Amino acid sequence: MVTLSFCNRRYIRLWPVLILLSVALLLVWRNLQQAQNLAASSNIGGRKSVSLLLPNASNPPSSSADLYLHNDRQPKVIPVMREDSPRTKALQSLLKCRNRSLRFQRLQHGDFWLLQNLVIGRKSRDVGCAEAVTYTTNGDFTFFDNLEMVVSRWRAPVSFAIHTPGYDLNTTLDAIRYVRNCLPESDSIKDWVSFHVYFPNRHMPDHVPYDEAEALSYPNICTSVSPPYTRIPPTESYKSRANLTYPINVGRNIARQAANTHFIFACDIELYPSPGFVDQFLDMVARNHSVLPLDPRQRRRVYPLPVFEIETGVQVPVDKDELLTLYRKQQAQVFHLKLCPTCHTIPGQEGWLNRTSKADDQLHVFSKTLRKWKFRAWEPFYVSDNTEPLFDERVTWEGQSNKRIQVSDYCSEAYDSECNISLQNYAMCLLDYEYHVLSPAFLVHSPGIKHSSDRDPTRLQYAKEMTKFIKDKIEPEYKVLFRANSACRT
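Rules used throughout
- Residues numbered from 1 in each chain as written.
- Predicted model: local features only at pLDDT ≥ 70, side-chain atom pairs only at ≥ 80, totals over all residues.
- Heavy atoms only, no water.
- Helix = DSSP H or I, 4+ residues; strand = E, 2+ residues; numbered from the N terminus.
- Buried < 20%, exposed > 50% of the residue type's maximum accessible area, 1.4 Å probe, protein only.
- Contact = heavy atoms within 4.5 Å.
- Areas by Shrake-Rupley, 256 points an atom, 1.4 Å probe, with all protein chains shown as cover.
- Core = buried A, V, L, I, M, F, W, Y, C linked by side-chain atoms within 4.5 Å.
- 1 Å grid on protein atoms, 1.4 Å probe; cavity = no way out; pocket = protein on both sides within 12 Å on 5 of 7 lines; lining within 4 Å.
- Points joined across faces, edges and corners; volume = space filled by probe spheres on them.
- Nonpolar A, V, L, I, M, F, W, Y, C, P; charged D, E, K, R; others polar.
- Disulfide = S-S within 2.5 Å.
- Axes fitted to C-alpha atoms, helices over the stretch in contact; angles between N-to-C directions.
- Parallel < 35°, antiparallel > 145°, perpendicular 65-115°, else oblique.
- Left-handed = near helix turned anticlockwise from the far one by under 90°.
- Phe/Tyr/Trp six-rings, centres within 6.5 Å; stacked < 30°, edge-to-face > 60°.
- Lys NZ or Arg CZ within 6 Å of the ring centre and 35° of its normal.
- Pairing = 2+ DSSP bridges.

1. Structural notes on the overall build of the chain
1) Next: Helix and strand counts for the chain come out as 14 helices and 16 strands.
2) Next: Across the 490 residues in the chain, those meeting the buried criterion constitute 50%.
3) Next: In the chain, 80% of the contacts between residues at least 6 apart in sequence involve partners at least 24 apart.
4) Next: Split by element, the accessible area of the chain, about 23900 Å² in all, is 54% carbon and sulfur.

2. Quick notes on the nonpolar core
1) Next: By size, the foremost hydrophobic cluster in this structure holds 84 residues, and its most contacted members are F144, F195, F265 and F281.
2) Next: Non-local contacts of F265, meaning those with residues more than four positions away in its chain, are made with V133, T134, Y135, T136, W154, L305, F381, Y382, V383 and L443.
3) Next: In this structure, Y426, C429, I474 and Y478 belong to the second largest nonpolar core, which totals 11 residues.

3. Some thoughts on empty space enclosed by the protein
1) Next: In total, this model carries 3 cavities of 30 Å³ or more according to the counting rule given.
2) Next: Within this model, the second largest cavity holds a volume of roughly 50 Å³.
3) Next: In this structure, the second largest cavity is lined by 13 residues; those nearest its centre are L102, T134, S159, S194 and A258.
4) Next: Breaking the lining of the second largest cavity down by element, the ones donating at least two residues are β6 (158-163) and β7 (193-200).
5) Next: Here the lining of the second largest cavity is built from residues that sort into 6 nonpolar, 7 polar and no charged.

4. A short note on the state of the cysteines
1) Next: Under the counting rule described, the total for this entry stands at 4 disulfides.
2) Next: The disulfide partner of C182 is C222, and the S-S distance across this bridge is 1.9 Å. An S-S torsion of about -85° defines the bridge between C182 and C222 as left-handed. In this pair, C182 sits in the loop between α4 (168-181) and α5 (186-192) while C222 sits in the loop between α6 (212-215) and α7 (228-231), placing the two residues 40 residues apart along the sequence.
3) Next: For C340, the disulfide goes to C343, at an S-S distance of 2.1 Å. On the sign convention where negative is left-handed, the bridge of C340 and C343, at about 70° about the S-S bond, is right-handed.
4) Next: C343 sits in the buried class, given a relative accessible area of 1%.
5) Next: Cysteine pairing in the chain follows 1-2, 3-4, 5-6, 7-8, where each cysteine in a disulfide is numbered by its order in the sequence.

5. Examining the packing of helix α2 (residues 86-95) against helix α10 (residues 277-287)
1) Next: Contact pair α2 / α10: the axes reach a minimum separation of 10 Å and the direction vectors enclose 60°. Classified by the angle their axes make, α2 and α10 are oblique. The element α2 and its partner α10 pack so that their crossing is left-handed. Where α2 abuts α10, its residues R87, L91 and L94 lie against D279, L282, D283, V285 and A286.
2) Next: Considering only residue class, the contact of α2 with α10 consists of 5 nonpolar, no polar and 3 charged.

6. Overview of the packing of aromatic side chains
1) Next: Under the counting rule described, the total for this entry stands at 21 aromatic pairs.
2) Next: Both rings, one in F144 and one in F160, keep their centres 5.2 Å apart while their planes meet at 50°; by these two values the pair is tilted. Within this pair, whereas F144 is found in the loop between β5 (133-139) and α3 (147-154), its partner F160 is found in strand β6, the two being separated by 16 residues in sequence.
3) Next: Under the relative-accessibility criterion, F144 is labelled buried at 1%.
4) Next: Here F160 falls in the buried class, since its relative accessible area comes to 0%.
5) Next: For the pair F375 and W378, a centre-to-centre distance of 6.0 Å together with 55° between the ring planes defines the contact as tilted. Take F375 and W378: they sit in the same class, and that class is buried.
6) Next: Among the aromatic side chains, those forming a connected cluster through ring pairs are Y135, W154, F263, F265, F277, F281 and Y303.
7) Next: Here the guanidinium or amino end of R106 rests over the ring plane of Y210, the centre of that ring lying 4.8 Å away.
8) Next: The lysine or arginine in question, K320, covers the ring of W352, its NZ or CZ lying 3.8 Å from the ring centre.

7. A word on the sheet that holds strand β14 (residues 381-384)
1) Next: Pairing within the open sheet is mixed, and its 10 strands lie in the order β3-β4-β7-β6-β5-β8-β14-β10-β15-β13. Each having just a single partner strand, β3 (105-109) and β13 (364-370) make up the two edges of the open sheet. Pairwise comparison of adjacent strand axes, ignoring direction, gives a mean angle of 25° for this sheet.
2) Next: Pairing of β3 with strand β4 (residues 112-119) involves 5 bridges; the strand directions are antiparallel. Each residue of the ladder has a partner; that of Q108, found in β4, is W113.

What follows is the structure in structure tokens.
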């Protein structure tokens, strides 16, 4: 009896172990079954699996806010299928880039808090690295009136970084909801634009959205008399009342670093690209690999577009022929021609202006140069592979040297806000970058030609202080970092 009682107690102790072992074996078996099913589905038709945020594949969401389940603050990731085009497959092999899905993150960026990818474009979320070019840009809520025009012409990912100190975040969130729901191009904005908001840690908003669902969950505001970004005068913004400067280069870098494509186009949101450019550029690269510096012994290169401005009231041209017609009527001119004639002059400019778009039926490299000597004051906007130096975040928009450093021998005044050299381009000059100008693509500034009388005296005072800081502090640092070159001037 003693022996039997002892054995029973031993078996009783083993029962929990046997039960746990059985559960573990069952879980392993289920995981193996799921893995086999996924592997089988991913091989159908040679297609590959990509993650999209869908609560139910058989019942797609009616809005971006529906992408999140009510009982779970995080999105559910379900594999879906995507078929890459032959061009995308060939370019991905050529560029050796890796696909990366966009995802929301809370990050510190120097003295700023950043909500990266707070709202993500539906198509941009999982766009392939070689499938498109990302237009990276920045601003505050007062720049939202340009977004529809940019997206309607770009039709590809847009990475938009927005400065939102204090209560400016509330206006910005209203603006995001408005442009995504209330404009003729709202569907395209939902598809392509990813919004990032950032604010100084010393000027925090009272509340920030926890995720995309919360950012988009407020009532529809399309019945408003006017867009939210036009109802508040800039002088009443938190930024103005707190007397803050605009950290434009912080925004530029945030937008660049959030892109998930190999090629980017770092641009100001008031500059509108000629329609169809993204496909034209990728077709050019696929057609002619020699436009890329594939040999490491070749100079690194970027691909600028000529920039123009047009009279107020003139319709933005859709192709080079329309642009040239306006140019001949003196309703269009080279950007900032009356402020700094050399700042946007491209190599071979007369030849570019004399060639119609019919002669330039395919996008191609029209001319090339180094940013030295005659072109040392050039302020190009260009496509790049996102490996060029970042913008220097110590300079501000008010300082007017955010992209530039003054070149006094090119200017008629002690300080001319437009006639100066880019800090970033100064670094690229020291690194010996080549600039390969494209045709027939172009950029057009939002209508209205700027004159020298438009200068803001307050900004000029900031500019003088910034110029001294650049000459005394930043320029010596760049010479140490990138090596001095007498052909590159500030």
